[in-house]
Amino acid sequence: MTRCESDRGVVFDIQRFSVHDGPGIRTTVFLKGCPLKCLWCHNPESQSMQPVLSFERELCIMCGECVKECSRNAQAIVDGARIIRRELCSGCGRCVEACNTNALILKGQTMTVEEVFREVIRDELLYRKSKGGITISGGEPLMQPTFTYNILRRGKEHNLHTTIETCGHAPWASLKKILKVTDLVIYDLKHMDSIQHKKFVGVDNVLILKNLKKIIEKEKEVHVRVPLIPGLNDSEDNLLKIAEFFKHLRVTSVEFIPYHEFASTKYELLGMDYSLKALTAYTSEELEQKRKKMAKLGIKIVIGV
Ligand code: SF4
Ligand code: SF4
């Protein structure tokens, strides 16, 4: 591994004062790149490793400054219509610099481990008071394993609590190394049926289930999350299989993350198609029914956000 590969990574967001990504108050670092393509993905800007442009049409005053800056002809105003030819964009960010209305935002930037850690350590006092720390999320942190490892290692040097949020679709060797500097693993499980899994997220679930079992066997603290998507993975059969799988592993509590409709706007800003536009969120009664059903099967459900 060269110095460049291990010291630098592509980050699309750093959120301070996070309270949903592990215990206490935390800073969550969101990395670019994901091996899955979940139909319901609520961070579509994270999927590719390359920076992507977000364009908010309502903020555009058609001044044409971005068009002048773009040497690749990706920005254009044609017959009074504002056009972005995303396939020509290299992600250089010059148009973003030129735009005075913030209509354009580049999602994704290369940062060093130290640049990320400088952001994280700003809230060290808060972490100590709240028993919080640092969480690496994504995208998928295991797409940039050395970068993830090095950030978490810096956290451990300062005795911070460390968490990763992962889909688990990665070589065990990468995961095993990262576990050495990780206190808590937040692990996403999407579907127990491998064929359905592949249909909805693009890969089967074999490696994901295998890695999850290995982490639990290592007695590492694991918090399992299941994104609950109406009509896709919330059938009686799938819920029963989830319950059986976790009871077998002596996991008694799982968090459901119910589908919500907020992601739709993000897809529009990124010029991406969103295939679940017609889906509506659960009512609180529907969620309560699912929670009770799982309780009867021996699994305590926490409803997350
Ligand atoms: S990011 Fe660079 S290549 Fe992409 S549209 Fe803007 S100026 Fe053009
Ligand atoms: S620079 Fe900004 S406001 Fe001007 S045309 Fe481009 S996106 Fe619109």
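In the block above lies the structure referred to throughout.
Below, the structure is looked at part by part. Predicted model, so just to flag it, every value in this text is computed and none were measured. (Residues numbered from 1 in each chain as written. Chains lettered and ligands numbered in written order. Predicted model: local features only at pLDDT ≥ 70, side-chain atom pairs only at ≥ 80, totals over all residues. Heavy atoms only, no water.)

1. Observations regarding the packing of helix α4 (residues 113-121) against helix α6 (residues 145-157)
It is at 10 Å that the axes of α4 and α6 come closest, and there the two elements cross at 40°. Taken together, α4 and α6 sit at an angle that is classed as oblique. Note that α4 runs across α6; the crossing there is right-handed. Contact with α4, carried on its side by Val113, Glu114, Val116 and Phe117, involves Phe147, Asn150, Ile151, Arg154 and Gly155 of α6 and no other residues of that element. Here the residues of the contact of α4 with α6 sort into 5 nonpolar, 2 polar and 2 charged. (Axes fitted to C-alpha atoms, helices over the stretch in contact; angles between N-to-C directions. Helix = DSSP H or I, 4+ residues; strand = E, 2+ residues; numbered from the N terminus. Parallel < 35°, antiparallel > 145°, perpendicular 65-115°, else oblique. Left-handed = near helix turned anticlockwise from the far one by under 90°. Contact = heavy atoms within 4.5 Å. Nonpolar A, V, L, I, M, F, W, Y, C, P; charged D, E, K, R; others polar.)

2. With respect to the pattern of salt bridges
Two side chains bearing opposite charge may form a pair once their charged atoms approach each other closely. Within the structure shown, the criterion is met by 16 salt bridges. One salt bridge connects Arg122 with Glu119, and the closest N-O pair in it is separated by 3.2 Å. Residue classification places Arg122 among the partly exposed residues on the basis of a relative accessible area of 48%. Taking the relative accessible area as the measure of exposure, Glu119 reaches 27% and is therefore partly exposed. A salt bridge links Asp183 to Lys156; the shortest N-O distance between them is 2.8 Å. Taken as a pair, Asp183 in the loop between α7 (172-179) and β10 (184-188) and Lys156 in helix α6 lie far apart in primary sequence, 27 residues in all. One continuous salt-bridge network, built from bridges that share partners, spans Glu114, Arg153, Arg154 and Glu157. (Salt bridge = Lys/Arg side-chain N within 4 Å of Asp/Glu carboxyl O. Buried < 20%, exposed > 50% of the residue type's maximum accessible area, 1.4 Å probe, protein only.)

Just distances and angles here, no functional claims.
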